[in-house]
Amino acid sequence: MKPLLWEKKDNNNVRCNICYNRCIIPPGKTSRCLSRKNVDGEMVLNTYGLASSIAVDPIEKKPLYHFHPGTKVFSVGSWGCNFQCKHCQNWHISQNILEDKSHYLSPEKMIDRALQHKCEGVCWTYNEPAIWLEYTIDSAKLAKENGLYTAYVTNGFMTIEALERIAPYLDAFRVDLKSLED
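Summary of the structure given here. (Residues numbered from 1 in each chain as written. Predicted model: local features only at pLDDT ≥ 70, side-chain atom pairs only at ≥ 80, totals over all residues. Heavy atoms only, no water.)

### Focus on the pairing of strand β5 (residues 42–45)
Of the two faces of β5, the one holding Met43 and Leu45 is buried and the one holding Glu42 and Val44 is not buried anywhere. Here strand β4 (residues 36–39) pairs with β5 via four bridges, running antiparallel. Each bridged residue has a counterpart across the sheet, and for lysine 37 the counterpart in β5 is valine 44. Linking two consecutive strands that pair antiparallel, namely β4 and β5, is a turn of two residues; a positive phi of about 55° is found at aspartate 40 within it. (Buried < 20%, exposed > 50% of the residue type's maximum accessible area, 1.4 Å probe, protein only. Helix = DSSP H or I, 4+ residues; strand = E, 2+ residues; numbered from the N terminus. Pairing = 2+ DSSP bridges.)

### Comments concerning the sheet that holds strand β8 (residues 72–77)
Overall, mixed pairing links the five strands, which are arranged β7-β8-β10-β11-β12 in an open sheet. Only two strands of the sheet have a single partner each, and these edge strands are β7 (53–58) and β12 (172–175). Shown here is a sheet whose adjacent strand axes are inclined to one another by a mean of 20°, direction ignored. Most of the contacts of helix α3 (residues 133–145) go to strand β11 (residues 149–154), to which it runs at about 155°, and overall it touches β10 (121–124) and β11. (Axes fitted to C-alpha atoms, helices over the stretch in contact; angles between N-to-C directions. Contact = heavy atoms within 4.5 Å.)

### Some details on the pattern of salt bridges
What the rule picks out here adds up to nine salt bridges. The salt bridge involving arginine 36 is made with glutamate 134; its shortest N-O contact spans 2.8 Å. Linking arginine 36 in strand β4 with glutamate 134 in helix α3, this pair joins segments that are 98 residues apart in sequence. Accessibility classification places arginine 36 together with glutamate 134 in one group, the buried group. Each of Glu7, Lys9 and Arg15 takes part in a single network of salt bridges with overlapping partners. (Salt bridge = Lys/Arg side-chain N within 4 Å of Asp/Glu carboxyl O.)

### Observations concerning the packing of helix α2 (residues 107–116) against α3
In the contact formed by α2 and α3, the axes pass within 9 Å of each other and the chain directions differ by 45°. Looking at the two axes, α2 sits oblique to α3. Here the hand of the crossing between α2 and α3 comes out right-handed. Together, Pro107, Glu108, Met110 and Ile111 of α2 and Tyr135, Asp138, Ser139, Leu142 and Ala143 of α3 make up the contact between the two elements. Partitioning the contact of α2 with α3 into residue classes produces six nonpolar, one polar and two charged. (Parallel < 35°, antiparallel > 145°, perpendicular 65-115°, else oblique. Left-handed = near helix turned anticlockwise from the far one by under 90°. Nonpolar A, V, L, I, M, F, W, Y, C, P; charged D, E, K, R; others polar.)

### Comments concerning the pairing of β10
Both faces of the sheet carry side chains from a regular strand, because those side chains alternate between them. Here β10 shows no split at all, with Gly121 and Cys123 on one side and Val122 and Trp124 on the other all buried. In the sheet, β8 pairs with β10 via four bridges, with the strands oriented parallel. In the strand pairing of β10, valine 73 is matched with glycine 121. Where β10 lies against β11, four bridges are found, and the strand directions are parallel. Bridging from a neighbouring strand, glycine 121 pairs with tyrosine 149 of β11. For the crossover that starts at β10, traverses α3 and ends in the parallel β11, the hand is right-handed. (Right-handed = clockwise from strand over helix to strand, strands pointing away.)

Laid out in structure tokens, this is it:
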């Protein structure tokens, strides 16, 4: 559960390098996406393993209809997002962290549940998966060890450094178009 891709800055600030917001977070504050917090000049993960949404879906719902068609995928989302779209269909999870409505789902439990439900793959979706990078990497490694395919449904706003970390473990990467305006 060590945070990845961050650095210390002046005045005990920290900078996150997961997405192109590259948030500079003062002590005691959280990142724009809500997934990271500065505790005394150290980056702490707010949402590792905290699931807001869990479902067994057809892969076509992602929509990845040419990727393992007809299979079931274990879909998991967390809290927060690096975008704040006014038209977000999942605003209730992308703009909040409701710990009383969270389910702690360790990477091991995620993969166990996917296998119990006879899913052929796992997908991080519903909110931006890149902000959950450490969790998705840990889960994806276990998924691959268990013969499951992996997928992201993402806004695609992650840094190259973050993409390089998750890419070896992803089989599909679906970018949602968020708007036709600048």
